[in-house]
Amino acid sequence: MAPLTPTRSRTRRRAALLAAGLLLPLPLLGGCGGDHDGGGRITPQDIGAAARPRVADGGTLTWAVDALPSTLNAFQTDADSATQRVTGAVLPSLFTTDGRGRPQRNPDYLRSAEVVQREPHQVVVYKLNPRAVWSNGKPLTAADFEAQWKALRGKDSAYWAAHNTGYDRIDHVERGADDHEVKVTFARGCADWPALFTPLYPKAVTGSADDFNDGARNDLKLSAGPFRVADRDEKQGTLTLARSPKWWGEPAKLDRLVLRALPRTERAAALAAGKLDLADVGAADAGRIASANKPAKQDRGDKPPAAAAARPAALRGIVVRKSLEPAYTQLALNGASGPLADERVRRAVARAIDRRAIAKSVLGPLGLPVDPLGSHLFLSGQEGYEDNSDAIGGPDPKAAQALLAEAGWKRAEGDGRKTAADGRPGAGRTLGLRPGPAAGPVPSDDSADPEEAADSLADDAAFAADDSLDDGTGPDGKPAADGNRAAAAPVRMKNGKKLTLRFVVPVSAGTDSLRSVADRIARRLDAVGIGTEVTKVGDAGFFKDHIAAGSYDLALYSWPATPYPATDARPLYAKPQPAADGSLVVEQNYTRVGTDRIDQLFDQASTELDEEASRDLASRADARIWSLAGSIPLYQRPQLVAARKTVVNAGAFGLATPRYQDIGFRRK
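Residues numbered from 1 in each chain as written. Predicted model: local features only at pLDDT ≥ 70, side-chain atom pairs only at ≥ 80, totals over all residues. Heavy atoms only, no water.

## Here we look at the nonpolar core
Within the largest apolar cluster, 72 residues are counted, with the highest numbers of intra-cluster contacts made by Tyr126 and Phe197. For this core, the leading source of residues is helix α3 (residues 142-152), giving five residues. If you look at the next biggest cluster of nonpolar residues, it comprises 56 residues, including Ala292, Val362, Leu363 and Leu366. (Core = buried A, V, L, I, M, F, W, Y, C linked by side-chain atoms within 4.5 Å. Buried < 20%, exposed > 50% of the residue type's maximum accessible area, 1.4 Å probe, protein only. Helix = DSSP H or I, 4+ residues; strand = E, 2+ residues; numbered from the N terminus.)

## Let's talk about the side chain of Ser614
Tracing the chain through its elements places Ser614 in helix α18 (residues 611-628). The exposure class assigned to Ser614 is buried, which follows from its relative accessible area of 4%. When neighbours within four sequence positions are excluded, Ser614 is seen to be in contact with Ala191, Ala566, Ala605 and Glu608. (Contact = heavy atoms within 4.5 Å.)

## Description of the pairing of strand β8 (residues 170-175)
Sheet topology note: the β8/strand β9 (residues 181-186) ladder contains five bridges and is antiparallel. Across the sheet, residue Arg175 finds its bridge partner in β9, namely Val182. (Pairing = 2+ DSSP bridges.)

## Brief notes about the confidence of the model for the protein
With 80% of its residues at a pLDDT of 70 or more, the protein has an overall mean of 84. Predicted confidence for residues 306-310 stays below pLDDT 50, and this span has two contacts to residues more than four positions away or in other chains. Between residues 415-485, whose pLDDT stays under 50, and residues either more than four places distant or in other chains, the model counts 138 contacts. (pLDDT = per-residue confidence, 0-100.)

## A closer look at unusual backbone geometry
Geometrically, the link from Glu119 to Pro120 is a cis peptide bond, its omega value of -5 degrees lying close to zero. Note that Pro120 resides in the loop between β6 (110-117) and β7 (123-128). Across the junction of Thr198 and Pro199, the peptide omega takes the value -5 degrees, indicating a cis bond. With respect to the element layout, Pro199 can be found in the loop between β9 and α4 (203-206).

## What about the packing of aromatic side chains?
What the rule picks out here adds up to 17 aromatic pairs. Centre to centre, the rings of Trp63 and Phe653 are 6.4 Å apart; their planes meet at 40 degrees, and the pair counts as tilted. Taken together, the positions of Trp63 in strand β3 (residues 60-65) and Phe653 in the loop between β24 (647-648) and β25 (664-665) put the pair 590 residues apart, joining distant regions of the chain. Residue Phe653 is classed as buried on the basis of its relative accessible area, which comes to 9%. (Phe/Tyr/Trp six-rings, centres within 6.5 Å; stacked < 30°, edge-to-face > 60°.)

## Description of helix α11 (residues 397-406)
Among the residues making up α11, those that are buried are Pro397, Ala399, Ala400, Gln401, Leu403 and Leu404. For α11, the elements touching its buried residues are α9 (343-352), β15 (410-411), β16 (492-494) and α13 (512-526). Looking one or two residues beyond α11, the residue adopting positive phi is Gly408, at roughly 95 degrees.

## Notes on a negative patch on the surface
A contiguous patch of negative charge on the surface is contributed by Glu386, Asp387, Asp390, Asp610, Glu611, Glu612 and Asp616. As for its position among the elements, Asp616 is in helix α18. (Patch = residues over 30% accessible without salt bridge, like charges linked within 9 Å, V, L, I, M, F, W, Y side chains within 5 Å. Areas by Shrake-Rupley, 256 points an atom, 1.4 Å probe, with all protein chains shown as cover. Salt bridge = Lys/Arg side-chain N within 4 Å of Asp/Glu carboxyl O. Lys, Arg positive; Asp, Glu negative; His and termini not counted. Charge placed at Lys NZ, Arg CZ, Asp CG, Glu CD.)

## Some words on empty space enclosed by the protein
Empty space within the second largest cavity amounts to approximately 60 Å³. Forming the boundary of the second largest cavity are Tyr573, Asn589, Thr591, Val593, Gly594, Ile598, Ile625, Leu628, Gly630 and Ser631. Grouping the constituent residues of the lining of the second largest cavity by class yields five nonpolar, five polar and no charged. (1 Å grid on protein atoms, 1.4 Å probe; cavity = no way out; pocket = protein on both sides within 12 Å on 5 of 7 lines; lining within 4 Å. Points joined across faces, edges and corners; volume = space filled by probe spheres on them. Nonpolar A, V, L, I, M, F, W, Y, C, P; charged D, E, K, R; others polar.)

## Comments concerning the sheet that holds β7
Within the open sheet, the four strands sit side by side as β6-β7-β9-β8. Their pairing is antiparallel. The outermost strands of the open sheet, each flanked by one partner alone, are β6 and β8. Strand-to-strand twist across the sheet, computed as the mean angle between neighbouring axes with direction ignored, equals 15 degrees. Across five bridges, the pairing between β7 and β9 is antiparallel. (Axes fitted to C-alpha atoms, helices over the stretch in contact; angles between N-to-C directions.)

## Considering the sheet that holds β16
Pairing is antiparallel across the open sheet formed by three strands, whose spatial order is β15-β16-β17. Strands at the two margins of the open sheet, each flanked by one partner only, are β15 and β17 (497-498). As paired elements, β16 and β17 share two bridges and run antiparallel to each other. Looking at the pairing, Met493 lines up with Lys498 of β17.

## A closer look at the packing of helix α10 (residues 355-363) against α13
Where α10 contacts α13, the axes come no closer than 10 Å and their chain directions differ by 155 degrees. With respect to their mutual orientation, α10 and α13 come out roughly antiparallel. In this structure, α10 meets α13 at a crossing whose hand is right-handed. Residue-level contacts link Ala357, Ile358, Ser361 and Val362 of α10 to Ser513, Val517, Arg520 and Ile521 of α13. Split into classes, the residues belonging to the contact of α10 with α13 amount to five nonpolar, two polar and one charged. (Parallel < 35°, antiparallel > 145°, perpendicular 65-115°, else oblique. Left-handed = near helix turned anticlockwise from the far one by under 90°.)

What follows is the structure in structure tokens.
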């Protein structure tokens, strides 16, 4: 394996968002995209929507975060989801996204924004809302745009910028017809220009390297949103945002929005104790909350059963809001060396697994759509979505075995692998997961007593005990006899070596679902003769020591979706390039497979100003990414948010940008 030399700023930024294979939401990467309906079905947001007249004026809402932001500069490498939450509430977002992930001009800041010239150079003119001012009373001007461009264009290494994507295509920024107009001229076409200048920082933050690097770490002295940064208490683990008196738009309903750092394992108790109003939670906690809110069944004596009496009463004021995150989980196949350097072996892995069964196992018990994701670049329902998975084909163990044979991996009968009593492989791999039940019919995902399933989430805890079950198919992809688990096929050999892949699996808190998915995948691979050696890794080493370093064959981790995939997704699939020192520049393509043609399609899509044509080029790139079988999208990640029942306009936002000024409590 050649030494890893990624585009360092990009990698650190993504690394901060990948913890044990779990993606944390991140600010949209600046990009350099529209009007037909998106393909596939959209999962709507679930936010307890209420019109502003029905939202009470005042109050404090406490929202859990994993940690207080280490910087409030969204363009630095250590920016994280908490950074995004703060900047969304206190800084200008020129474009936001709607429920389908479509960019929308934000009228609080822009009267208009459009491409006014395409040749010989692309020119975009922004007409600012004349009322838009910083908290010191000074208006937003071209000087703020110009300073941000110069800080992010990548020509001055003194700026600790996470990326320069899109900004590096700008030739110059200048004042337009008046003080409220900004004219941006591009040296190269930039299809995803709406991604730029969001969030927008004042020149006081971006005007010098020192200010950019350190001036917005713990505080933002200037803001231009419905909230302002008020107080940070490291001891209490809180960051308080207060309603801004300088805000010109519809005023924030809340007096204060408090971000509180709290581990996910403690959030249910904090919600029950009234210390939190809103928090992302895992499936187990969501199941407990839903169970606490189920109507109590009455027995023949008209007395509540013991199970109902034992439900925590404090959780009855909490509701679980659910949707799908703008992110997806994938199976990554490292094609740099070893058996997976052969595309036929990668394709065999892809044909061996059943993506629909995996999606059903994760999403079905939560009452969410169970369709597997068919695109690397768009989510279902998003404009441009097209299921291109047919470029690799569906689950077909016989096809997988044929591909392995073609690649020279032959059956080795009587390999001596130990098997469990039910015929499953036993000692051939070690997952350290929850043992499954004895041989017998595999329960379906909806096997719960209907009378006990008032809410699908209420049965999650029961499902968690069974979610490591296989899907009951044999090596040929057909139902196994009596519904038993798939039996292992004879191990395959080549040049005296067994076909065994290193599978990196996260073991930190909150990764139970990923471990279950890994178990399902390993069983399906066993069924076609591909062995797996599992390495269980915690947060600290998962990304740095394995994914970024290329020390794995198979791994599960997540990537965010974006309204601007032609630009933002390119580094994830760019063909690795050799550096002068013999190292390999992989950007963010940790599967280390790519082609010149895919790069060309991304380049064309990112410069094509016709939105439909740009999406078509991106879709063609996606089909080629599928055919390489380096990254196999599995499912869009579930989004589970526990909220006090009185909280409105907040929860599982799905693909949409939160509207912070509308968040609050229901008027009594």
